[in-house]
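Listed below, chain by chain, are the residues.
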Amino acid sequence: AGGSAADAALAMYFTLAVTLPSTASLGAGGVCLVHESVAGRTTVLDFTATAPTTLPPNVTRPSATPGVVRGMYELHQRYGRASWGKLIKPAEQLARFGVPVSRALANDLRLAGADLFLDPNAKFIFAHPGGTPLGEGDILEQFDLARVLTRLRLHGVGDFYTGQTAAALTRGAELGRASLSHADLSNTRALWREAVTTEIGQFTVFTSPRPTAGAVTALQIWAMVANTNRYVESSETERRHLFAESSMRAFLDRTS
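Below you will find a few notes about this structure.

Rules of the game
Residues numbered from 1 in each chain as written. Predicted model: local features only at pLDDT ≥ 70, side-chain atom pairs only at ≥ 80, totals over all residues. Heavy atoms only, no water. Axes fitted to C-alpha atoms, helices over the stretch in contact; angles between N-to-C directions. Helix = DSSP H or I, 4+ residues; strand = E, 2+ residues; numbered from the N terminus. Parallel < 35°, antiparallel > 145°, perpendicular 65-115°, else oblique. Left-handed = near helix turned anticlockwise from the far one by under 90°. Contact = heavy atoms within 4.5 Å. Nonpolar A, V, L, I, M, F, W, Y, C, P; charged D, E, K, R; others polar. Pairing = 2+ DSSP bridges.

**Quick word on the packing of helix α1 (residues 5–19) against helix α4 (residues 84–97)**
- α4 packs onto α1 with a crossing angle of 20 degrees between their chain directions and a minimal axis gap of 9 Å. The pairing of α1 with α4 is recorded here as roughly parallel in orientation. By crossing handedness, the relation of α1 to α4 is classed as right-handed. Every residue of α4 that contacts α1 at Asp7, Leu10, Ala11, Phe14, Thr15, Val18 and Thr19 is listed here: Trp84, Leu87, Ile88, Ala91, Leu94 and Ala95.
- Its residues assigned to classes, the contact of α1 with α4 comprises 10 nonpolar, 2 polar and 1 charged.

What follows is the structure in structure tokens.
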């Protein structure tokens, strides 16, 4: 509909926040690798969910400060073409009118049920009246999430980090004995960083820098395996050994 790749990513993320909140909720964080083909430039947008700066004495469930809403807004500011509100509205409607629970979400709810349902609000949303988790095909309605998305659509990210939504989030965290604070929310930023690059064979490979250490670790494993003909020329059994050895070295490096 005339939008950019960034618009598509933003619309998909907010939709996933409704359909697969166990993996891609508004409480999350992450990174986005952006390649501009005309300029030949690759950068990383870092909106990692950060650890709390302080832990009040009554906290039993420390919680990271969500960075994804700020990250999606920053991505849209630089590369978006479609309107912010238009991109959020489909997710808002899905939250309000309900979506069938996918197999992936049903499995996550089953695994997380005991801990997740300590929160009566979460239990009300994600469980049947008898207390069993929603199953595949059940309809999931999230009216509070729909209201948050409505405010995001109408008022932008300021409301999420410093306005009425921020107040509701911190109040809910306090009731749940979590650690989300007004100060941490208001100080949340999305930062543009240089991508990590390496040469692997004839390719230049880009990935995100720390604190997303998994990306660099995967790159190290790939480089060790690919920058030699030994892997290609080896038997299946020896390939497994080479991959295990490369993985061990990369993870040892990660710990330092």
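There's more to say after this.
**Some thoughts on the pairing of strand β7 (residues 203–207)**
- Relative to β7, strand β6 (residues 196–200) runs antiparallel, the two sharing 5 bridges. Across the sheet, residue isoleucine 200 finds its bridge partner in β7, namely phenylalanine 203.
- The turn linking β6 back onto β7 is made up of 2 residues, and glycine 201 within it adopts a positive phi angle of 60 degrees.

**Overview of unusual backbone geometry**
- Positive phi outside glycine occurs at arginine 177, with the angle close to 60 degrees.
- For arginine 177, the location among the structural elements is in the loop between α9 (164–175) and α10 (182–186).

Spatial relationships are all this shows, so hold off on functional conclusions.
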